[in-house]
Amino acid sequence: MDKRLMGVFAPITTPFLENGEVDYAGLKKNMDFYAGSRIQGYLALGSNGENKNLTNDEKLKVLKTIIDNKGKQQSVMAGCIFESTFETIYYAKRYQESGADFLTLLPPSYFKKQMTDPVLLKYFTDVADAVETPCLVYNAPQFCGGTTLSVGLVKELARHPNILGIKDSSTGNIENFLFAARELFNVMAGSANFFLTAIIMGGSGGVISLANVFPDITYELYELVFTKKYEKAFELNEKILRLNKAVSGAGGVAAVKYAMDLAGLVGGNPRLPLLPLDEETRKSIKTKLETEGMI
């Protein structure tokens, strides 16, 4: 395992002003808080960061804000998510120049029927060959038209010297990836729902949306497993699952941002076309966080 990928990463949200512009000052405020936490690092420009709702210029500036304000020992993954190999490589090099520690690559989705294993193998390896920054592949069929990375493809990608891992945010695949590739590269959970399972089975860590709101409690779970305090880990995991269901499970990015507001961070509303939470869901989230003693 690459030690830089061992632990908890927060998939950073992008705050917006009321006029819809990116709130870079708010992002810096959040980063000042996260930099003092115990998490290992961040995923910039992922789904929680509303990647597809940002212009390419905004992506560069958001990434730079995160990199410039991270903790000294923390690492930054940059979601390099574009359709063509040409554009992906172009921005991979830009993100590399910005100082990203890793690049996270999602399968293209517009020509979904043509995204066979040979096509994806060439896509990922072409990008990884074009940059010095280590790459991770991202298995998230919900964000790329249903394309799921096959176990055979992942095993081939794991042998590439510049592809260091996989982030899996799908349902029911993490165990197969772990069995197939945990000896070859880093396997990271992309959801709190199977974070505990992943790290017990040899995963290196996770990119957990709840870490946007409560970074230290998610790190504590990782630390309990790492130090083999399993009874306490199981107990804490139940709490984290309840919190995750009440927040991420209640309304996705909008719910994570609202929970951040409740926790004293800069969350705000997502950028249209994503809608703010309705009042009933807000009340439910607030009640749950109060019941769990988190606010």
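Everything that follows concerns the structure shown earlier in this document.
Just so it is clear, the structure is predicted and the values come from calculations on it, not from any experiment. (Residues numbered from 1 in each chain as written. Predicted model: local features only at pLDDT ≥ 70, side-chain atom pairs only at ≥ 80, totals over all residues. Heavy atoms only, no water.)

(A) The environment of G49, seen in detail. Note that G49 resides in the loop between β2 (41–44) and α2 (56–68). Take G49: its relative accessible area is 2%, and that puts it in the buried class. Once residues lying within four places of it in the same chain are set aside, the contact partners of G49 are I12, T13, T14 and L54. (Helix = DSSP H or I, 4+ residues; strand = E, 2+ residues; numbered from the N terminus. Buried < 20%, exposed > 50% of the residue type's maximum accessible area, 1.4 Å probe, protein only. Contact = heavy atoms within 4.5 Å.)

(B) Focus on the pattern of salt bridges. Summed over the entire model, instances satisfying the criterion amount to 9 salt bridges. Linking E50 and K257 is a salt bridge whose minimum nitrogen-to-oxygen distance equals 2.7 Å. Placement of the pair is E50 in the loop between β2 and α2 and K257 in helix α10 (residues 248–262), with a sequence separation of 207 residues. With respect to class, E50 is no different from K257; both count as buried. Each of R242, K288 and E292 takes part in salt bridges that share partners, so that together they form one network. (Salt bridge = Lys/Arg side-chain N within 4 Å of Asp/Glu carboxyl O.)

(C) Spatial organisation of unusual backbone geometry. The omega torsion across L272 and P273 is 20 degrees, close enough to zero to call that bond cis. Examined against the element boundaries, P273 turns out to sit in the loop between α10 and α11 (279–291). Positive phi is not limited to glycine here, since E50 has a value of about 55 degrees.

(D) Summary view of the pairing of strand β5 (residues 135–139). For β5, a buried count of 5 out of 5 residues is recorded, marking the element as mostly surrounded by other parts of the structure. Note: strand β4 (residues 102–105) against β5, 3 bridges, orientation parallel. Looking at β5, one finds that T104 is bridged to L136. Following the backbone out of β4, through helix α4 (residues 117–130) and into the adjacent parallel β5, one traces a crossover that is right-handed. Bridge count for β5 against strand β6 (residues 163–168) is 5 bridges, and the pairing is parallel. Residue pairing across strands places L136 opposite G165, the latter belonging to β6. You can see the chain leave β5, run along helix α5 (residues 151–157) and come back into β6, and the turn it takes is right-handed. (Pairing = 2+ DSSP bridges. Right-handed = clockwise from strand over helix to strand, strands pointing away.)

(E) Structural detail: the packing of aromatic side chains. Tallied over the full model, the rule gives 10 aromatic pairs. Considering the side-chain rings of Y90 and Y91, the 4.9 Å spacing of their centres and the 85 degrees angle between planes classify their relative orientation as edge-to-face. Accessibility expressed as a relative area gives 10% for Y91, which makes it buried. Here Y230 and F234 contribute two aromatic rings whose centre-to-centre distance is 6.5 Å and whose plane-to-plane angle is 25 degrees, an arrangement assigned as stacked. (Phe/Tyr/Trp six-rings, centres within 6.5 Å; stacked < 30°, edge-to-face > 60°.)

(F) Summary view of the side chain of Q40. As for its placement among the helices and strands, Q40 is situated in the loop between α1 (24–35) and β2. At 3.5 Å, the side chain of Q40 and the backbone oxygen of R4 are in polar contact. (Polar contact = N/O pair within 3.5 Å; in protein donor to acceptor, adjacent residues only side chain to side chain.)

(G) Representation of a nonpolar patch on the surface in the model. Together, I200, Y230 and F234 make up an exposed nonpolar region whose accessible area comes to about 280 Å². Along the chain, Y230 turns up in helix α9 (residues 230–246). (Patch = residues over 30% accessible without salt bridge, like charges linked within 9 Å, V, L, I, M, F, W, Y side chains within 5 Å. Areas by Shrake-Rupley, 256 points an atom, 1.4 Å probe, with all protein chains shown as cover.)

(H) Inspection of the sheet that holds strand β3 (residues 75–79) at higher detail. Here we have 8 strands rolled up into a closed barrel, ordered β1-β2-β3-β4-β5-β6-β7-β8, and parallel in their pairing. Strand-to-strand twist in this sheet, taken as the mean axis angle between neighbours without regard to direction, amounts to 25 degrees. Pairing analysis gives 4 bridges linking β2 to β3, with the strands arranged parallel. Within β3, the residue paired with A44 across the bridge is A78. Across the sheet, helix α6 (residues 174–181) is in contact with β5, β6 and β7 (186–189); its angle to β7 comes to roughly 165 degrees. (Axes fitted to C-alpha atoms, helices over the stretch in contact; angles between N-to-C directions.)

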